[in-house]
Structure formats: C-alpha cells, structure tokens
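Listed below, chain by chain, are the residues.
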Amino acid sequence: MALPVRTNFKHLFRFIHKMNSPKRLLCSGACEGNKEPPGCGRVFSGIQPTGVPHLGNYLGALENWVALQNQYPSVLYSIVDLHSITQPQDPAQLRSNILDMAASLLACGINPERAILFQQSQVSEHAELSWILGCLTSMPRLRHLPQWKMKSKLKNEGSVGLFTYPVLQAADILLYKSTHVPVGEDQVQHLELAQDLARIFNNRYGDLFPEPGALLSSTRKVKSLRDPSAKMSKSDPQTMATITITDSPDDIALKLRRAVTDFTSEVSFDPETRPGVSNLVTIHAAMARISAEEAVAQAGGLDTGAYKKLVTEAVVQRLTPIREEIERLKSDRAHLEGVLARGNRRARELAAPVLREVRQRVGFC
C-alpha cells in the first residue's frame, strides 16, 4: 500500500495540520498531542490474519502495540478477518490463520488483561455500522484512496469489498469511539476517511463520534531484502525477501546473507544512495534497540558480509523467544479460543450501546 513519496508527504502534512485543528473531538488539555502516557483516550488497531507477521509488521506495528497497551487506559486490537476476505481465502486455512495470529500477538507481548484482543467478524456491529457509513460516503472519495488504486490496477478490476473496505475500516475505528489510531504514512488517507465520516455523521445526526487522531510510528519502514526500494511484505513471491517472526535462526541467517547490498564494502547509513545496506542498519538498530548511528559505529572495520552476521545475531536474539512462545501457544488451541471469546464479549459490550445510539439517531428505532 505504499504511495509515491511526494503523495505521502503531501497528505501527511495536510493530515498533521488537521490534527492541530481545534475542531478535533479528542481528549483536551495535556493529553492532546502528547506523546507521553496520556491517561485518557482509546486506541484501536487491527491486523489481518493472512499469514505469520514479518519483521516489518513486528517493528512497525506490533512492538508499538505492546507499548501502547501500557500507555492508554482503553486499548482494542482486532484480528480483522472481514477485511481478509477481500482476497479469496480457504475457509479451513482462514480459521487456522485467525488462531495463529492470536498466538503471534500474544507471543509478541499483547496482554489480554491490558488490551481487548478480539475477532472482528464475531462483533456484528462492525458490519452494520459499515453499511450506515457507506451510505454517507461518495464513490469518488473511495476511488482516490491508494489501496483501491494499487490493487484494482494489479487485478484490472477489484471486488466491491475491496472498493468499500476503507469504510469498514472507518467503522472499526468509530464503533468504539476511538480517539487514537496507530498508523504508518501509507494509512494516513484511510484515517482521514474515518475523520471525515465522523464529521459527516455528527453534522447530520448530532455529535456522537470523536475524530480519531493518528499515532504515527517513528520506526523506519523495513524494506524487502531482495528489493530495498519496496517495503517488506507477506505477499512477496521471493521467499528470501521477507523474514517472518517464526523463521528459524538458520533461515534468518540465510535470508540476511543473501540480502541485496551494493559494491561498496564499508557500512554506512544513506537510504537514498545505499538503500540495501541502510535497510540492514535499520533492522540492526531496531532489533538491538540502538540508534542508526550506533549501529554504524558497531560496524566499524566490518565489510557488509561480516556486518550481515552482526545483524543476524541481533535478529535471532529478539525473535527466538517469540518463535518459541508462538509454538507453545499454538499447541493449546483451547486457550487461544478462550482468549478470543473473552475479547469478543468485551468488544461487544462496548460496541452494542454505540450502535444502538446510531440506530436511534438514523431512525431505525
């Protein structure tokens, strides 16, 4: 879902301007715009159950999710299986993927006592609110969103579900009156749609939904190991391009050994002119919890081949306990089902009264 760089920054600047608008219906005072633990607000985010999370997912989203559950009093993380069926899914595999994703999230540090972890399709209010919001959304507005532009172009013509899924995404967020949503730059326009729909609904039916604000990740995007001009992706056909959080130490070593660099042996950090080597520095710094400058300093005297071994050590050290915990959790299917069942109940308790109010205001009851 990456946008051309210019488009990303244009929308990002516009988005930040909107975030500073006094019309936002977020928590007031010190909480608003504060990156410190705010003590107010509600965070919502979701992840599709379409395979094991990769290193980019972990560093760009999941690691941040773990931190946010300790910073906000109300946090919801959803396994968004309704979104996943915009692409064909094998039913048995989807059921397995949902539990595998639950295991992955728990192993990465999501605590179901601190955050509500639930399965989107088990809270029917998502779909109903999506329909109502879809009736407030114009087709030209959806045609300009990057996901539709990219995926419909790849497939010549996408499904209605793919076209309208940003509306479902907005419903996911607004259903819980979420005030904060962790996003990357390539999701900014989709969050803008949620803000727009909150305003449209509030103007037509009276104030109900806050306009959710962005929690922009400070982590640099992890790039493909085979094509550092593209971000790391689950769907990359090149198996050597992506490190998953369940890869064995040998697999991690092999993938990093084959990572694309350049003809200069010295390690430096320059994403514009040396994207491959800089991607390795980004991975090393993030996994070792050091700055890019410190990572480069540690690489002093090493050529890129030797540096790859240093990066491998950092990645293996962080991912090994996660991989082992995933395997342990996957062996206890009943526990995973129980975690999701409890999360589903808690999510419905929050969603039901909001949808009742929506239905009343729209005129259904």
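Above this text you will find the structure in question.
Read on for a plain summary of the structure. Computed from a predicted structure; not experimentally measured. (Residues numbered from 1 in each chain as written. Predicted model: local features only at pLDDT ≥ 70, side-chain atom pairs only at ≥ 80, totals over all residues. Heavy atoms only, no water.)

Per the counting criterion, the structure on display carries six aromatic pairs. Ring plane angle 45° and centroid distance 4.8 Å describe the contact between F201 and Y205, whose orientation is recorded as tilted. Highlighted residues: F201 and Y205, both in helix α9 (residues 188-205), separated by four residues, approximately one helical turn. Residue F201 is classed as buried on the basis of its relative accessible area, which comes to 0%. Through a chain of ring-to-ring contacts, three or more aromatic side chains come together here, namely F44, F118 and Y176. (Phe/Tyr/Trp six-rings, centres within 6.5 Å; stacked < 30°, edge-to-face > 60°. Helix = DSSP H or I, 4+ residues; strand = E, 2+ residues; numbered from the N terminus. Buried < 20%, exposed > 50% of the residue type's maximum accessible area, 1.4 Å probe, protein only.)

Before going further, it helps to examine the pairing of strand β4 (residues 180-183). Residues H180 and P182 point to one face of β4 and V181 and V183 to the other, with burial holding for every one of them. Direction of pairing for β4 relative to strand β5 (residues 213-216): parallel, over a ladder of four bridges. Bridge pairing links V183 to L216 in β5. Following the chain from β4 across α9 to the adjacent parallel β5, one finds a crossover that is right-handed. (Pairing = 2+ DSSP bridges. Right-handed = clockwise from strand over helix to strand, strands pointing away.)

With 58 residues, the main nonpolar core has L105, M287 and L319 as its most contacted residues. Per element, the largest residue contribution to this core is ten residues, and it comes from helix α4 (residues 91-108). If you count residues domain by domain, this core takes at least three from each of domain 1 (42-221 + 333-362) and domain 2 (239-330). When residues no more than four places from it in sequence are discounted, the contact partners of M287 are L55, Y58, L59, A314, V315, R318 and L319. By size, the runner-up hydrophobic cluster in this structure holds 34 residues, among which are L133, L145, L175 and V354. (Core = buried A, V, L, I, M, F, W, Y, C linked by side-chain atoms within 4.5 Å. Domains from an automatic or database assignment. Contact = heavy atoms within 4.5 Å.)

On the surface, R226, R257, R258 and K309 cluster together into a patch of positive charge. Relative to the helices and strands, R226 is located in the loop between β5 and α10 (249-257). Classification of R226 by relative accessible area gives partly exposed; the value is 31%. (Patch = residues over 30% accessible without salt bridge, like charges linked within 9 Å, V, L, I, M, F, W, Y side chains within 5 Å. Areas by Shrake-Rupley, 256 points an atom, 1.4 Å probe, with all protein chains shown as cover. Salt bridge = Lys/Arg side-chain N within 4 Å of Asp/Glu carboxyl O. Lys, Arg positive; Asp, Glu negative; His and termini not counted. Charge placed at Lys NZ, Arg CZ, Asp CG, Glu CD.)

Time to look at the pattern of salt bridges. Enumeration over the complete set of coordinates arrives at ten salt bridges. Its salt-bridge partner being E211, residue R199 comes within 2.6 Å of it at the nearest N-O pair. Highlighted residues: R199 in helix α9 and E211 in the loop between α9 and β5, separated in sequence by twelve residues. Measuring nitrogen to oxygen at the nearest pair gives 2.7 Å for the salt bridge that ties E325 to R328. In this pair, E325 and R328 are both assigned in helix α13 (residues 304-330), three residues apart and thus about one turn of the helix distant. Here the salt bridges do not stand alone but share partners, grouping R141, D196, R199 and E211 into one network.

Turning our eyes to something else, we now look at the packing of α4 against α13. Between two packed helices, what matters for the description is the angle formed by their axes and the separation of those axes. Packing of α4 against α13 brings their axes to within 8 Å, and their N-to-C directions diverge by 135°. As far as their axial angle goes, α13 and α4 are oblique. With respect to the hand of their crossing, α4 and α13 are arranged in right-handed fashion. Contacts from D100, A103, S104, L106, A107 and C108 of α4 reach α13 at I322, E325, I326, L329 and K330. Of the residues in the contact of α4 with α13, the class split is seven nonpolar, one polar and three charged. (Axes fitted to C-alpha atoms, helices over the stretch in contact; angles between N-to-C directions. Parallel < 35°, antiparallel > 145°, perpendicular 65-115°, else oblique. Left-handed = near helix turned anticlockwise from the far one by under 90°. Nonpolar A, V, L, I, M, F, W, Y, C, P; charged D, E, K, R; others polar.)

What follows deals with unusual backbone geometry. Phi is positive for K177, which is not a glycine, with a value near 50°. Structurally, K177 can be placed in the loop between α8 (160-174) and β4.

Both strand β1 (residues 42-47) and strand β2 (residues 74-79) contribute to a ladder of six bridges, which runs parallel. Bridge assignment links I47 to a residue of β2, and that residue is I79. The β-α-β motif built from β1, the intervening helix α2 (residues 55-68) and the parallel element β2 has right-handed crossover chirality.

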